[in-house]
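Coordinate analysis (summary)
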Amino acid sequence: MPPARLPILAIAVCVLLIVAALLGGVLAPYAADEADFGAVMVPPYGLEGGTVAHLLGTDQLGRDMLSRLIAGTRISMLTAGAAVLVAGTIGVLLGLIAGYLGGLVDAAIMRLVDAFLALPFILMALALVAALGTGVGNIILVMILTNWARYARLVRSEVLSIKRRDFVLLARVAGVRPLTIAMRHVLPNAQTSILVLAVLDVGRAIILESSLSFLGLGIQPPDMSWGLILAQGRTYMGIAWWLTVWPGLAIVLAVVCFNTVGERLRVKFDPRGAL
Amino acid sequence: MTPPMVEARGLFKRFTLPRHSLFAASRTVTAVEGVSFAIPAGTTFGVVGESGSGKTTLARMLLKLEQPSEGQLLVNDQDIFAQTPAEERAYRRLVQAVFQDPYGALSPRMRAGAIVTEPLRALGVHRRAADMKAAEVLELVGMRRDAASRYPHEFSGGQRQRIAIARALSVDPRLLVLDEPVSALDVSVRAQVLALLREMQQRLGLTYLFIGHDLAVVRYLSDAVGVMYFGRMVEIGPARDVLRRPAHPYTRRLVALAAAEAPLGVARLGGGTLPNPLSPPSGCHFRTRCAFADARCAADAPALREIAPGHNAACHHLDAIAAGTKAETGPLLEEASRQRAV
């Protein structure tokens, strides 16, 4: 197969989303929760009644949709990012321990991983939110609990193959301490697979957060996320489609782009040896 | 005679395989079976055998990567599996290894300099001192000084093996475990690396455990040779005796094949199949492929017997074979086919 072209568009969208998440309000033309009852449900620019002042239109309270989407990007991306980061760290550590120590420790950790992977994640998320309550912190916690197990499993299998390689055996012969071997030899050689999983996971986390928020179990107003905007606009879907289409598009675009980049990375790094 | 630097006494290594199910009996494979030998300081002991003969397991035990199930392994009269942490650290400095695959032995993500200094740094040597030593050993093995700043993929197979040797030499070891160090190299490069190993031994007074499957290569370096078949040492003795006057039928066949410059392969060894390690043949392991095997070979395992000073072989029919009076009864074909079926 010829090498696939770089998904430049997908990378650009990912970068744009990350920038929007980091800068947040600076980019937005209005404050996200600034109501303007003189401009309620203004359609997007280009439609009859639309203005340049509100490119994507306004909602039932006259809040600028573009500003709300940007504010939503911030929460959606930051929760997804934080969740992936923490879940990845926990999973990588446990996977390293399981793969490295083997035996009973390995069995215990991997049975726990199996248990977590066996539960449908929306079900587990609903149960956890019901128990812990909503809020940004709890949403991140829920996403960590539903995601760490896959990192643990991936890293364990990487460790099992890497620790049999000659340079690891030779490091042991040289008397290099196990922790140093893990940090110097095992992790660097597992890092590409971890990175690929993490990028793919950002898309998953966005979906999870949006689903929870849509169901009213995630982000609560006045905070904003794509799923929440979508849920709030649902009532007016018949008369103002832009209230639901923009956040829906944002979710789709983000997930598709992160998945594309992740998939591309996977294809690039999977055939081993090509450094 | 000088006391041996390395001494193996009745070494066994058994691996327990994972069970098929909770209720299946656990299965054991014996990789090394009652192996004893001694390596005098400053000499090379060559171990010859096919893959699966247990020679690499032997090397790994000497490197403390595997623990023997039974028996003792002594280095400088010290049981290496009964060491205090301080003794173990000292041992790590004493023994180093070079493995077969020059691609796998060097971490692809480290520069040659870091690879060479890793053992020194693990011993707590200061960075600058380690770097100086790295430049010194790289030069010693014939690499250019600027090699230290390059990554493994920038080197050829022979150069990588030189780097691996430099790394092994960096801590001034006394004992090198060479597990097929030239088997993966091109023939042209092979001779250079072998010459380098011999030069290092002469210059630094090193003791080698050299593992190989190529008799010509083993002959080049070894003072004494042990021939392994299926975990057992079937013949052991001074290199020139074992290779010029092989006594065991297995060794005889190896030597005949090497003389014909044929690659050592199962097909060329002829007769019978490689036994199944889960159910090794009773008695003499080699009888399923041996031209001289008879009922006695199936009944009991031959012990090593001295046939010349320091030259031992484990075969019931040594005298008859040497005298040329033993008829070629062929492998017990019935037995061989049963082995195939298992």
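Residues numbered from 1 in each chain as written. Chains lettered and ligands numbered in written order. Predicted model: local features only at pLDDT ≥ 70, side-chain atom pairs only at ≥ 80, totals over all residues. Heavy atoms only, no water.

All right, on to the overall build of chain A then. For chain A, the helix and strand inventory stands at nine helices and zero strands. From first element to last, N terminus to C terminus, chain A shows the α and β order α-α-α-α-α-α-α-α-α. Principal-axis analysis of the C-alpha atoms places the extent of chain A at approximately 75 × 50 × 30 Å. Sorting the 275 residues of chain A into buried and exposed places 47% on the buried side. (Helix = DSSP H or I, 4+ residues; strand = E, 2+ residues; numbered from the N terminus. Buried < 20%, exposed > 50% of the residue type's maximum accessible area, 1.4 Å probe, protein only.)

Residue and element names in this part refer to chain B. Domain parsing of chain B yields domain 1 (4-102 + 173-229) and domain 2 (245-341). The interface of domain 1 with domain 2 comprises 13 residues on the first partner and 15 residues on the second. Taken over both partners, the interface formed by domain 1 and domain 2 buries close to 1,200 Å², and the fraction arising from carbon and sulfur atoms is 67%. In terms of surface lost to domain 2, no three residues of domain 1 exceed E50, L215 and Y229, which account for 54% of the buried area on that side. Scanning the region where domain 1 abuts domain 2 turns up one salt bridge. The residue E50 makes a salt bridge to R289 at a minimum N-O spacing of 3.3 Å. On the surface where domain 1 and domain 2 come into contact, there are four residue pairs in polar contact (both at pLDDT 80 or more). Those elements that place two or more of their residues in the side of domain 1 that touches domain 2 are β2 (27-40) and β9 (224-229). Of all the elements, β2 adds the most residues to the side of domain 1 that touches domain 2, at four residues. Its residues placed into classes, the side of domain 1 that touches domain 2 shows seven nonpolar, three polar and three charged. (Domains from an automatic or database assignment. Contact = heavy atoms within 4.5 Å. Buried area = accessible area lost by both parts, 1.4 Å probe. Salt bridge = Lys/Arg side-chain N within 4 Å of Asp/Glu carboxyl O. Polar contact = N/O pair within 3.5 Å; in protein donor to acceptor, adjacent residues only side chain to side chain. Nonpolar A, V, L, I, M, F, W, Y, C, P; charged D, E, K, R; others polar.)

Further remarks concern the interface of chain B and chain A. Of the residues lining the interface, 20 residues belong to chain B; the matching set on chain A comes to 18 residues. Both faces considered, chain B and chain A share a buried interface measuring about 1,800 Å² in area, 60% of it formed by carbon and sulfur atoms. Per-residue buried area on chain B facing chain A is highest for L65, R109 and E118 of chain B; these three make up 31% of the total on that side. Here chain B and chain A share one salt bridge between them. R184 of chain A serves as the salt-bridge partner of E118 of chain B, at 2.9 Å between the closest nitrogen and oxygen. The tally of links between chain B and chain A comes to seven residue pairs in polar contact (both at pLDDT 80 or more). Those elements that place two or more of their residues in the side of chain B that touches chain A are β6 (95-98) and α3 (112-122) of chain B. Classifying every residue of the side of chain B that touches chain A by side-chain character gives eleven nonpolar, three polar and six charged.

Our next topic: a nonpolar patch on the surface. Residue and element names in this part refer to chain A. A cluster of nonpolar residues, L6, I8, I11, V15, I18, V19, L22, L23, V26, L27 and L78, forms a patch on the protein surface that exposes about 1,000 Å² of accessible area. For the nonpolar patch, the element with the most residues is helix α1 (residues 8-23), which contributes seven residues. Assignment of secondary structure puts V15 in helix α1. (Patch = residues over 30% accessible without salt bridge, like charges linked within 9 Å, V, L, I, M, F, W, Y side chains within 5 Å. Areas by Shrake-Rupley, 256 points an atom, 1.4 Å probe, with all protein chains shown as cover.)

On to helix α5 (residues 157-169) of chain B, then. Taking 1.5 Å of rise per residue, the 13 residues of α5 of chain B would be expected to cover 18 Å, and the 18 Å separating its terminal C-alpha atoms lies within 8% of that figure. Across the 13 residues of α5 of chain B, twelve count as buried, placing the element largely inside the fold. All of the buried residues in α5 of chain B are G157, G158, R160, Q161, R162, I163, A164, I165, A166, R167, A168 and L169 of chain B. Where α5 of chain B is buried, its residues touch α6 (166-173) of chain A together with β6, α3, α4 (127-140), β7 (175-179) and α6 (187-204) of chain B. (Expected span 1.5 Å × (residues − 1).)

Moving on, we get to the layout of surface pockets. The calculated volume of the largest pocket comes to roughly 650 Å³. Lining the largest pocket are 22 residues, and of these R172, V176 and I181 of chain A together with L65 and R92 of chain B sit closest to its centre. Elements with a contribution of two residues or more to the lining of the largest pocket: α6 and α7 (178-214) of chain A together with α2 (85-94) of chain B. Grouping the constituent residues of the lining of the largest pocket by class yields eleven nonpolar, one polar and ten charged. (1 Å grid on protein atoms, 1.4 Å probe; cavity = no way out; pocket = protein on both sides within 12 Å on 5 of 7 lines; lining within 4 Å. Points joined across faces, edges and corners; volume = space filled by probe spheres on them.)

Turning our eyes to something else, we now look at the pairing of strand β4 (residues 70-75) of chain B. Residues and elements named next belong to chain B. Two elements, strand β1 (residues 4-17) and β4, share five bridges in a ladder whose sense is antiparallel. In the sheet register, E7 faces β4, and the bridge partner there is L74. Sheet topology note: the β4/strand β5 (residues 78-79) ladder contains two bridges and is antiparallel. When the bridges of β5 are listed, V75 appears paired with Q78. Taken together, β4 and the strand that follows it, β5, pair antiparallel across an intervening segment of two residues, in which N76 is found at a positive phi of about 50 degrees. (Pairing = 2+ DSSP bridges.)

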